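Coordinate analysis (summary)
So you can see what is in the structure, the chains are spelled out below.
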Protein chains: 2
Amino acid sequence: MRILGIDPGTRVTGYGIVEKRGNRLVHVDNGAIYTRSSDELATRLKTIHDGLCRIMGEYAPEALAVEQIFIAKNAMSALKLGHARGAALLVGVNHDLPVFEYTALQVKSAVVGYGKAAKEQVQQMVKVLLNLPEIAQEDASDALAVAICHAHSAGLNNRLEKALNRKR
Amino acid sequence: MRILGIDPGTRVTGYGIVEKRGNRLVHVDNGAIYTRSSDELATRLKTIHDGLCRIMGEYAPEALAVEQIFIAKNAMSALKLGHARGAALLVGVNHDLPVFEYTALQVKSAVVGYGKAAKEQVQQMVKVLLNLPEIAQEDASDALAVAICHAHSAGLNNRLEKALNRKR
C-alpha cells in the first residue's frame, strides 16, 4: 500500500511517499513544494495544488495522511494554514483517495514511541525507519512521519479486523 | 462582465453572480452550498469545490471576488474558514479567473457607502441595488455584496485607465 503524507503550508508544503510491503516500510520519495513569496495567495494555492496533482500522477498513492491541527499560534497563521490544508485535502478527495488525519500525539507515538518527543527525535527516527541517507528537509520529514503513522495504524486495523473475523 | 462573489464557509458557502452591463448591475443568480455536518472536512471541501465548479460551468463568470479576512474570532474558526476559502480560491485559479479580494470595509463602502454599516443595512442595499424580490439568504447576500464591490472597483479602474490614456 502506497501512502502519501502531506505537511501543508502556504510557504512550504512537504510531502513524503512510503510503501508498506507486508511488515516492511519502504521509502519511495519525499520533497517540498515551495511557493513564491511574491505570489498572491490564490496563485500559491495553485502551485501547491498542481504540485500535489503531479505527485499523485507520478506515484499513484492509495491513501492520503495529514496531521490534524488543534492549536495554531494565532488566528492569522491558522487562517493561512487552513488555505494550504484545504488545497491538500481537496487534491486527495478529487483523486478519490481516502483521507486520514492524525494528531501530533499519534504521529509522534507511532514514529518515536513517545507522544511528546522533540522534533529532532522525530526527524532522526524517520531517517532510521526509512533508511534515508540523511535527515529529510523539515516539512518533507513531517510528511513522511504522518505517512509512517498511517502505515502503522492501517496495519493495526488490518490485524484487528483479521482477529475479529477469526473470532466470528 | 460577469462576476462571481463567494462567501466561503465549511458549513455554508454563499455565492452570487452579478453582471455589469455598462453602468447597470444585473442580478444573475445567488444561492448557498450546504455541506453535511456528518461529513468529514475533506468531503465537505469536495462538496464546496464541486458546487462551485458546477456554478463556473453554468454561468462562466469572468472574475472571482471574495472577502479578505483580517480578523477571525479564534484560531480554530480561522483554520476552518481557511479550508473553505482555500477551496474557493482554488476553483477560481483552476478556471483561470482573476481573483480579487476586498476587505469588509471596502465591501460595505461600495454597497452602502459607509464602511461600518450594519449587516442588515448591507443585505437591504444588496436587495435594492440588484432589484431582488426579497433579501437573499445571509451568505448568498454577502457573496453578492463582494461581487457588487468588485463591479464598482472594476468600473472605477476602467474609468481611471481611460482618463489616463486620454491624458497621454
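This section reports on the structure supplied with the text. Treat the numbers as computed from the prediction; the structure is a model and nothing was measured.

1. Concerning the sheet that holds strand E2 (residues 12-21) of chain A
All names here are of chain A. The sheet built from 5 strands is open, its strands ordered E3-E2-E1-E4-E5 with mixed pairing. Every interior strand has two partners, whereas the edge strands, strand E3 (24-34) and strand E5 (99-102), have only one. If you compare each strand with its neighbour and ignore which way they point, the axes differ by 20 degrees on average. Both strand E4 (residues 63-67) and E5 contribute to a ladder of 4 bridges, which runs parallel. What sits directly across from Glu67, in E5, is Tyr102. Contacting strand E1 (2-7), E2 and E3, helix H1 (residues 41-59) runs over the sheet at an angle of about 150 degrees to E3.

2. Side note on the interface of chain B and chain A
Of the residues lining the interface, 28 residues belong to chain B; the matching set on chain A comes to 28 residues. For the pairing of chain B and chain A, the buried interface totals around 2100 Å² over both sides, and the portion due to carbon and sulfur atoms is 71%. Area buried by chain B at its contact with chain A is led by Ala42, Leu79 and Leu90 of chain B, which between them contribute 23% of it. Along the contact surface separating chain B from chain A lie 0 salt bridges.

3. Here we look at the side chain of His49 of chain A
Among the secondary structure elements, His49 of chain A is positioned in helix H1. Leaving out residues up to four positions away in the same chain, His49 of chain A has contacts with Val91 of chain A together with Leu90 and Asn94 of chain B.

4. Comments concerning the relation of the copies chain B and chain A
Of the transformation placing chain B onto chain A, the axial shift is 0.0 Å and the rotation is 180 degrees, giving an RMSD of 0.0 Å. What we have between these two chains is a two-fold relation. By residue overlap, the copies meet face to face through one surface: 100% of the interface positions of chain B are interface positions in chain A.

5. Thoughts on helix H3 (residues 104-111) of chain B
All names here are of chain B. Within H3 the residues assigned to the buried category are Val107, Ala110 and Val111. Burial along H3 is one-sided: seen end-on, the buried residues are contained in an arc of 90 degrees. One or two positions beyond H3, positive phi appears at Gly113, with a value near 90 degrees.

6. Comments concerning the nonpolar core
One finds Leu4, Leu52 and Ile55 of chain A together with Leu4, Leu52 and Ile55 of chain B to be the most contacted residues of the largest nonpolar core, which totals 47 residues. Counting residues per element, this core draws most heavily on helix H1 (residues 41-59) of chain B, at 8 residues. What Leu4 of chain B contacts, discounting residues up to four positions off in sequence, is Tyr15, Gly16, Ile17, Ile55, Met56, Pro61, Ala63, Leu64 and Ala65 of chain B.

7. A look at the pairing of strand E1 (residues 2-7) of chain B
All names here are of chain B. Of all the 6 residues making up E1, 5 are buried; the element is thus mostly covered by neighbouring parts of the structure. Relative to strand E2 (residues 12-21), E1 runs antiparallel, the two sharing 6 bridges. Each residue of the ladder has a partner; that of Leu4, found in E2, is Ile17. Hairpin connection from E1 to E2: 4 residues lie between these consecutive antiparallel strands.

What counts and what doesn't
- Residues numbered from 1 in each chain as written.
- Chains lettered and ligands numbered in written order.
- Predicted model: local features only at pLDDT ≥ 70, side-chain atom pairs only at ≥ 80, totals over all residues.
- Heavy atoms only, no water.
- Pairing = 2+ DSSP bridges.
- Helix = DSSP H or I, 4+ residues; strand = E, 2+ residues; numbered from the N terminus.
- Axes fitted to C-alpha atoms, helices over the stretch in contact; angles between N-to-C directions.
- Contact = heavy atoms within 4.5 Å.
- Buried area = accessible area lost by both parts, 1.4 Å probe.
- Salt bridge = Lys/Arg side-chain N within 4 Å of Asp/Glu carboxyl O.
- Least-squares fit on C-alpha atoms with pLDDT ≥ 70 in both.
- Buried < 20%, exposed > 50% of the residue type's maximum accessible area, 1.4 Å probe, protein only.
- Arc of directions from axis to C-beta.
- Core = buried A, V, L, I, M, F, W, Y, C linked by side-chain atoms within 4.5 Å.

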